[in-house]
Amino acid sequence: MPKRTDINKVLVIGSGPIVIGQAAEFDYSGTQACLALREEGYEVVLINSNPATIMTDTDIADKVYMEPLTLEYVARIIRHERPDAILPSLGGQTGLNLAVQLAKKGVLRECDVEILGTSFEAIERAEDREKFKELCESLGEPVLPSEITNTLEDGLRAAEEIGYPVVLRPAFTLGGTGGGFADDEEECRAMLKNALALSPVHQVLVEKSIKGYKEIEYEVMRDANDTAITICNMENIDPVGVHTGDSVVVAPSQTLTNKEYHMLRDSALKIIRELEIEGGCNVQFALDPHSFNYYLIEVNPRVSRSSALASKASGYPIARVSAKIAVGMRLDEIQIANTPASFEPTLDYVVSKIARFPFDKFADANNTLNTQMKATGEVMAIGRTMEESLLKAIRSLEIGVCHLYDKKFDSFSNDELISYIKTGTDDRLFAIGQLIRNGVDLNLIYNATKIDMFFLDKLKNIVEFEKVLKDNKGDVQTLKDAKRIGISDKYIGIVWGMTEAEVFSLRKENSVFPVYKMIDTCASEFDSYVPYFYSTYEEENESIVSEKKTGR
């Protein structure tokens with residue numbers, strides 16, 4: 001079905017300022033959406049209170065309102081602009097909650113404004129904890145023992161019946177705000193009081209804790225024709241217990257068997273079809289590492305934080321496609337380069353995401369991580385191997401480290417390090433690296449963290465290559481191998497007693513340079529050009545130099 005011609009003006013709600021739990025990834029999504037709608041000939045009105053984003057540039061939308069994202073201001077703009085439709089699902093939880101308020105207060109009905117994409121009914125079924133639980137049970141999808149509560153007394157009673165430890169999940173909050181794990185009644189009482197206050201509907205799900213399970217995400221897409229595809233699946237290196245926005249995440253998943261992959265994929269597609277979501281959707285699972293048992297954690301019926309990661313990781317522009325689906329187009333009508341959007345991307349590389357925390361600015365803040373997100377941003381890196389990808393991401397953090405090594409842990413004993421890694425922190429990876437460097441058995445590290453042995457083995461590969469570097473100072477083949485595994489010139493220089501510039505000169509003398517591989521969405525199966533690349537130390541270069549002039 002072609003795009004709709006009965007609407008002309010669309011209001012897009014932005015995500016507002018960068019806050020803990022919601023960073024610039026929603027600016028990326030909202031900008032894509034505005035450009036996609038204008039590409040199809042629609043007039044776009046944007047409201048966003050954040051001037052520090054390209055989204056509020058005058059070239060992105062036809063009209064830009066730099067106003068507070070509150071019911072009063074947005075209602076006033078709607079009454080003035082009289083848009084035909086509103087697109088709320090690309091501005092994170094802020095945009096979604098605002099749209100729900102506008103509908104409940106009757107503003108959309110008063111001004112005859114239609115919601116595009118996913119319906120309010122679908123949003124409510126996914127966001128409301130009780131309705132989501134009922135949905136899962138009706139589909140035969142496994143959900144954890146849980147109870148919806150609206151008062152402190154009900155919450156404490158539910159926790160007692162379910163059995164500690166429990167996890168608290170407030171409804172309609174951003175980045176898990178107000179939630180967390182409670183090991184006893186005292187912890188539960190304090191946390192529950194806060195969670196009920198922070199939930200806009202004063203509703204909290206009290207749920208049995210499955211801390212230590214694998215956390216897996218699927219980014220899925222559906223159109224009004226019921227065509228549904230999986231764009232990308234992602235695996236959290238940190239197990240359940242750390243918010244996925246704070247966790248180290250890799251794409252595609254690295255430890256799932258074929259059966260596990262398809263089992264969770266089928267479940268994600270079943271959910272998005274039942275909810276009748278039109279556009280992008282994020283589905284999160286908890287998977288028992290010792291069986292095929294899994295549980296649905298939650299569904300984000302909107303373009304989420306993970307959508308920006310999945311978009312860049314796969315070369316599939318999720319927000320752009322979601323916006324076009326919202327105005328009536330079908331996946332097979334939307335083109336991504338030379339490929340229809342109904343084609344599922346395939347990744348032949350590894351993507352690593354590491355969250356960036358503000359603990360360097362707030363030195364007194366507690367750096368332990370739980371289900372309430374604390375990150376204010378993230379970095380993403382691409383490599384041919386897990387090791388290369390992870391080391392690139394570590395360097396991109398710009399926190400004063402260039403390798404899987406932080407001098408902070410030099411003075412820690414092994415017992416102190418084991419105790420430290422039992423809880424998720426912003427620097428747990430470096431503590432694990434130090435333990436491996438100290439010769440501690442990986443099984444002890446696994447028992448303390450429940451991080452899959454596959455990932456611990458990859459960290460061990462990085463640490464073990466440090467000894468190879470030390471034993472082969474100046475050797476060109478070792479230099480090539482070090483670059484292939486992802487080790488920086490700076491760290492090679494530290495080990496070899498050279499400056500970073502001297503290591504670069506050595507590479508230059510021996511023609512040890514990176515090649516550039518293209519993100520093509522199809523793993524070279526078809527011609528599908530996406531105009532960005534990643535560097536790696538292999539043989540074949542896919543970056544073709546053209547005679548086209550650069551836009552200087």
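Above this text you will find the structure in question.
Residues numbered from 1 in each chain as written. Predicted model: local features only at pLDDT ≥ 70, side-chain atom pairs only at ≥ 80, totals over all residues. Heavy atoms only, no water.

Taken together, the side chains of Asp183, Asp184, Glu186 and Glu187 make up a negatively charged region of the molecular surface. By the secondary structure assignment, Glu186 is in helix α8 (residues 185-198). (Patch = residues over 30% accessible without salt bridge, like charges linked within 9 Å, V, L, I, M, F, W, Y side chains within 5 Å. Areas by Shrake-Rupley, 256 points an atom, 1.4 Å probe, with all protein chains shown as cover. Salt bridge = Lys/Arg side-chain N within 4 Å of Asp/Glu carboxyl O. Lys, Arg positive; Asp, Glu negative; His and termini not counted. Charge placed at Lys NZ, Arg CZ, Asp CG, Glu CD. Helix = DSSP H or I, 4+ residues; strand = E, 2+ residues; numbered from the N terminus.)

Our next topic: the nonpolar core. Ile354, Leu404, Ile445 and Ile487 are the most contacted members of the largest nonpolar core, which has 51 residues in total. Of the residues forming this core, the biggest block, 7 residues, is contributed by helix α16 (residues 453-471). If we skip the residues at most four places from it in the chain, Ile445 touches Ile421, Ile432, Leu435, Ile436, Val440, Lys450 and Leu456. Counting 47 residues, the second-largest nonpolar core is a separate cluster that includes Cys34, Met221, Ile231 and Ala251. (Core = buried A, V, L, I, M, F, W, Y, C linked by side-chain atoms within 4.5 Å. Buried < 20%, exposed > 50% of the residue type's maximum accessible area, 1.4 Å probe, protein only. Contact = heavy atoms within 4.5 Å.)

Under the counting rule described, the total for this entry stands at 37 salt bridges. A salt bridge links Glu464 to Lys460, with the nearest nitrogen and oxygen atoms 3.9 Å apart. On the criterion of helical spacing, the pair formed by Glu464 and Lys460 is a turn pair, its members being 4 residues apart in helix α16. Beyond isolated ion pairs, a larger network of salt bridges with shared partners links Lys3, Glu39, Glu40, Arg320 and Lys324.

At their nearest, the axes of helix α15 (residues 442-449) and α16 sit 10 Å apart, and the two run at 130° to each other. Between α15 and α16, the interaxial angle falls into the category oblique. Judged by the twist between their axes, the crossing of α15 over α16 is right-handed. Where α15 approaches α16, its residues Leu442, Asn443, Ile445 and Tyr446 are matched on the opposing element by Met453, Leu456, Asp457 and Lys460. (Axes fitted to C-alpha atoms, helices over the stretch in contact; angles between N-to-C directions. Parallel < 35°, antiparallel > 145°, perpendicular 65-115°, else oblique. Left-handed = near helix turned anticlockwise from the far one by under 90°.)

As for its placement among the helices and strands, Glu160 is situated in helix α7 (residues 152-162). Sequence separation of Glu160 and Gly474 is 314 residues, and the distance between their C-alpha atoms is 63 Å.

With that out of the way, let us pick up the sheet that holds strand β5 (residues 114-115). The pairing of strands in a sheet comes from backbone hydrogen bonds and takes either a parallel or an antiparallel form. Pairing is parallel across the open sheet formed by 5 strands, whose spatial order is β3-β2-β1-β4-β5. Edge positions in the sheet fall to β3 (63-65) and β5, since each of these pairs with one other strand and no more. Summarising the sheet, strand β1 (residues 9-13) and strand β2 (residues 43-47) pair through 5 bridges and their orientation is parallel. Its bridge partner being in β2, Val12 is matched across the sheet by Leu46. Contacting β1, β2 and β3, helix α2 (residues 71-81) crosses the sheet at an angle of about 155° to β3. (Pairing = 2+ DSSP bridges.)

The buried count for helix α11 (residues 318-326) comes to 8 of 9 residues, which makes it a mostly enclosed element. If you check which residues of α11 are buried, you get Ile318, Ala319, Val321, Ser322, Ala323, Lys324, Ile325 and Ala326. Positive phi shows up at Gly328, right after α11, with a value of about 100°.

Just distances and angles here, no functional claims.
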